[in-house]
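Below, each chain spelled out in residue letters.
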Amino acid sequence: MAKIVVIASGKGGVGKTTTSAAVATGLAMRGHKTVVIDFDIGLRNLDLIMGCERRVVYDFVNVINGESNLNQALIKDKRIEELFILPASQTRDKEALTQEGVEIVLTELKQRFDFIVCDSPAGIEHGAIMAMYFADEAIIVTNPEVSSVRDSDRIIGMLASKTYRAEHNMTPIKEHLLITRYAPKRVNSGEMLSAEDVQEILAIPLLGVIPESTSVLQASNAGIPVTLDKESDAGQAYLDVVARFLGENRPHRFMTSFKKNFLTRLFGN
């Protein structure tokens, strides 16, 4: 049974599209046939992070409007066998996403894929509601700072009230918390909320913590999902996130600062 997973956040710039690319790639690396959809109509970025921007011919809105079929619009990743991308339109308005049109596309995708990852726009406008409306599970992405956490709390409220499952009295969307750009040293100095603080405020299960890392920006600029950079701390953290999402028990890493002792300073790592 295919699962629809929305990657959502209340605030922009928290690493939501990076997470969508990383999680979708990680699922495909584990052998699950996965498609990731860009719901940010007019401001598409997913194709850049996935490194397929020059291969976009048709997009999500073209499929909804009957101007192309799914086979024409889906882009197969060149690196991962089971990974596909459905890009957003760069020239249309967000109102081009209709509930009926999105449902038709998702219904067809559910017959072909194990996981459908929806990269939601930030906030609570039309595109974001369309991205979350048919979701089975949600990964709420937040930075460990007050305004980001507060906006994420609003998104959790939307998931509980403005979705298909909520309106039809079905089992609620399964929610997961992902904290990005986490810096333990800044937490220790009081400059940043701790993971425990964030989890206590939002009261949903912690899926993972992604450390603040230059590898994320480097991977995005190179058009490579950071999950493929297995040597980086962020890449390893996202692989842990995917494993936990699939039901594996993995310890949470990258949540404490590393203090060098005398021998480490003397002889290195």
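These remarks concern the structure in this document. (Residues numbered from 1 in each chain as written. Predicted model: local features only at pLDDT ≥ 70, side-chain atom pairs only at ≥ 80, totals over all residues. Heavy atoms only, no water.)

### A word on empty space enclosed by the protein
Stage number 1. In total, this model carries one cavity of 30 Å³ or more according to the counting rule given.
Stage number 2. Taken as a whole, the largest cavity encloses approximately 40 Å³ of empty space.
Stage number 3. Every element with two or more residues in the lining of the largest cavity is listed here: strand 8 (206–211) and helix 12 (233–245).
Stage number 4. When residues of the lining of the largest cavity are assigned to their parent elements, the largest contribution, four residues, is made by helix 12. (1 Å grid on protein atoms, 1.4 Å probe; cavity = no way out; pocket = protein on both sides within 12 Å on 5 of 7 lines; lining within 4 Å. Points joined across faces, edges and corners; volume = space filled by probe spheres on them. Helix = DSSP H or I, 4+ residues; strand = E, 2+ residues; numbered from the N terminus.)

### Points about the side chain of Asp-240
Stage number 1. Considering the arrangement of structural elements, one finds Asp-240 in helix 12.
Stage number 2. Within the local environment of Asp-240, its side chain forms a polar contact with the side chain of Arg-253, the two groups lying 2.9 Å apart.
Stage number 3. Every residue in contact with Asp-240, bar those within four places of it in the chain, is listed here: Arg-250, Pro-251 and Arg-253. (Polar contact = N/O pair within 3.5 Å; in protein donor to acceptor, adjacent residues only side chain to side chain. Contact = heavy atoms within 4.5 Å.)

### As for the pairing of strand 1 (residues 3–8)
Here is the key point about a regular strand: its side chains alternate between the two faces of the sheet.
Stage number 1. Of all six residues in strand 1, five are buried; the element is thus mostly enclosed.
Stage number 2. In terms of strand pairing, strand 1 meets strand 6 (residues 137–142) through four bridges, oriented parallel. When the bridges of strand 6 are listed, Val-5 appears paired with Glu-137. (Buried < 20%, exposed > 50% of the residue type's maximum accessible area, 1.4 Å probe, protein only. Pairing = 2+ DSSP bridges.)

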